[in-house]
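Structural characterization, general
So you can see what is in the structure, the chains are spelled out below.
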Amino acid sequence: MIDGPYFVLTMLGVLGAGVVAGVFYGFSAFVMRALAALPPAQGVAAMKAINVTAVRPAFMVVFTGSAVVCAVIAVVTFVLWPDGGTVELLVGSALYLFGVFGVTVVANVPRNNALAQLDPGTREAAAYWPTYVREWTMWNHVRAVASAAAAVMYLLALT
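Predicted, not measured: the structure shown is a model, and the values here were computed from it.

Attention now moves to the overall build of the protein chain. For the protein chain, the count of helices and strands is five helices and zero strands. For the protein chain, the α and β elements follow one another from N to C terminus as α-α-α-α-α. Taking all 159 residues of the protein chain together, 41% fall into the buried category. For the protein chain, the proportion of contacts with a sequence separation of at least 24, taken over those separated by at least 6, is 80%. When the accessible surface of the protein chain is summed, it comes to about 8200 Å², and 74% of that surface belongs to carbon and sulfur atoms. Of the charged side chains in the protein chain, 7 are positive and 6 negative, and the gap between their average positions amounts to 18 Å.

See below:
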């Protein structure tokens, strides 16, 4: 059974990954669908505003803090190699670090940066918007599932 500071660390992993999963699920389930239903200029403008707002502390502390917690869990697990939950802890950490943080860096952020360069009312923005929505949302699904799975793996490690 995991206990003491290691228990607290694992619970932080559960909570962080779970909160991030909820945010990404909300985007996949309804936010991106609503934005896609808008005229392209409005959808682009709204998403650009969301992307600016997302990099503020309210989200970034949870998102990057969870990545740090997951990395610490992985390192501590390798060092201590606990009797129970080792596989779950390592899989949970890998899911978050690669499936959430890594996917964000290599798939979602480059698309956000490309969108940021466009003026919402232009033909170029209108042409890019459907591709952006489709690709960004697909990768967001991956992040939502990976984050939820990481939280589940951490929970399983605690049982």
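Let us now look at the pattern of salt bridges. Tallying each qualifying case throughout the model produces one salt bridge. Here Glu-135 and Arg-111 are joined by a salt bridge, their closest N and O atoms 3.0 Å apart. Linking Glu-135 in helix α5 (residues 123-158) with Arg-111 in helix α4 (residues 86-116), this pair joins segments that are 24 residues apart in sequence. Glu-135 gets classed as partly exposed once you look at its relative accessible area, which sits at 25%. Given the relative accessible area of 17%, Arg-111 is considered buried.

Side chains three or four residues apart in an α-helix point the same way, a direct result of the helix having 3.6 residues per turn. Helix length check: helix α2 (residues 40-54) (15 residues) gives 21 Å between terminal C-alpha atoms against 21 Å at 1.5 Å per residue, within 8%. The complete set of buried residues in α2 reads Gly-43, Val-44, Met-47 and Asn-51. Each buried residue of α2 lies within a common arc of 95° when the element is viewed along its axis, so the set occupies one face. At its buried positions, α2 is contacted by α1 (4-37), α4 and α5.

Conventions used here
- Residues numbered from 1 in each chain as written.
- Predicted model: local features only at pLDDT ≥ 70, side-chain atom pairs only at ≥ 80, totals over all residues.
- Heavy atoms only, no water.
- Helix = DSSP H or I, 4+ residues; strand = E, 2+ residues; numbered from the N terminus.
- Buried < 20%, exposed > 50% of the residue type's maximum accessible area, 1.4 Å probe, protein only.
- Contact = heavy atoms within 4.5 Å.
- Areas by Shrake-Rupley, 256 points an atom, 1.4 Å probe, with all protein chains shown as cover.
- Lys, Arg positive; Asp, Glu negative; His and termini not counted.
- Charge placed at Lys NZ, Arg CZ, Asp CG, Glu CD.
- Salt bridge = Lys/Arg side-chain N within 4 Å of Asp/Glu carboxyl O.
- Expected span 1.5 Å × (residues − 1).
- Arc of directions from axis to C-beta.

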